[in-house]
Amino acid sequence: MTRKLFSLFVAMLALMMLAACSHAQTKLLTQKSVHGELPSKSTLPELTLEMVTDQTEYPSSTKEIAFEIKNEGPATVNFGTPYYVEKREQGTWYEIPFKDNVAFTEIGLMLAAGEGYQGKINLTDLNYSLTTGEYRMIKRFYANEKEILLAVVFQVK
């Protein structure tokens, strides 16, 4: 009798593990990006702004990615905490959705000329399991009444 119970327990445990793994499977990305190709650095007469990640390649198990924004001036830049993450598949960028309970703090940040800002992309907030490929993080900035979109590209191996 105990052998049957043990076998039943092992079978149930295996089914639970299989169900958990299948839930984490990567979803198909269907929403095409509206952003097109974007630079990681903007050089305008009134502003030189660059966004970089701490590495260019990450393992699929990565939970967060550190990034830096560098304002080389001369204007002050305004931006917030929101960002977008996209994946390139067959030459087309697709939006990666966030989990339903994810929200960004609505605060305005200012970055003066010559200053830098460090932030993190929290990949566990995405409703998507990272697979091998090319990804990018996009942020919006504002300076001298102009909107600037920058994207930093990284690889998942």
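Above: the structure in question.
Quantities reported herein were computed from a predicted structural model and do not represent experimental measurements. (Residues numbered from 1 in each chain as written. Predicted model: local features only at pLDDT ≥ 70, side-chain atom pairs only at ≥ 80, totals over all residues. Heavy atoms only, no water.)

Student: Before we go on, may I ask you to explain the overall build of the protein chain in this structure?
Tutor: Scanning the protein chain for helices and strands turns up one helix and eleven strands. In the protein chain, the succession of helices and strands from N to C terminus is α-β-β-β-β-β-β-β-β-β-β-β. For the protein chain, the residues scored as buried account for 34% of the 157 residues in total. Here the protein chain has roughly 9900 Å² of accessible surface; of this, 56% comes from carbon and sulfur atoms. (Helix = DSSP H or I, 4+ residues; strand = E, 2+ residues; numbered from the N terminus. Buried < 20%, exposed > 50% of the residue type's maximum accessible area, 1.4 Å probe, protein only. Areas by Shrake-Rupley, 256 points an atom, 1.4 Å probe, with all protein chains shown as cover.)

Student: What is the right way to read the packing of aromatic side chains from this model?
Tutor: We describe a pair of aromatic rings using the distance from one ring centre to the other and the angle between the two ring planes. Taken as a whole and judged by the stated rule, the model has seven aromatic pairs. One aromatic cluster is present, built from ring pairs that chain together Y58, Y135 and F154. (Phe/Tyr/Trp six-rings, centres within 6.5 Å; stacked < 30°, edge-to-face > 60°.)

Student: I tried to follow the pattern of salt bridges on my own but got confused; where do I start?
Tutor: Once the charged atoms of two side chains with opposite charge are near each other, the side chains can pair. Taken as a whole and assessed by the stated rule, the structure comprises nine salt bridges. A salt bridge links E134 to R88; the shortest N-O distance between them is 2.7 Å. Taken as a pair, E134 in strand β10 (residues 133-143) and R88 in strand β6 (residues 84-89) lie far apart in primary sequence, 46 residues in all. For E134, a relative accessible area of 23% corresponds to the partly exposed category. Note that E147 and R140 form a salt bridge whose closest N and O atoms lie 3.1 Å from each other. Take E147: its relative accessible area is 45%, and that puts it in the partly exposed class. (Salt bridge = Lys/Arg side-chain N within 4 Å of Asp/Glu carboxyl O.)

So yeah, pure geometry; function would need other evidence.
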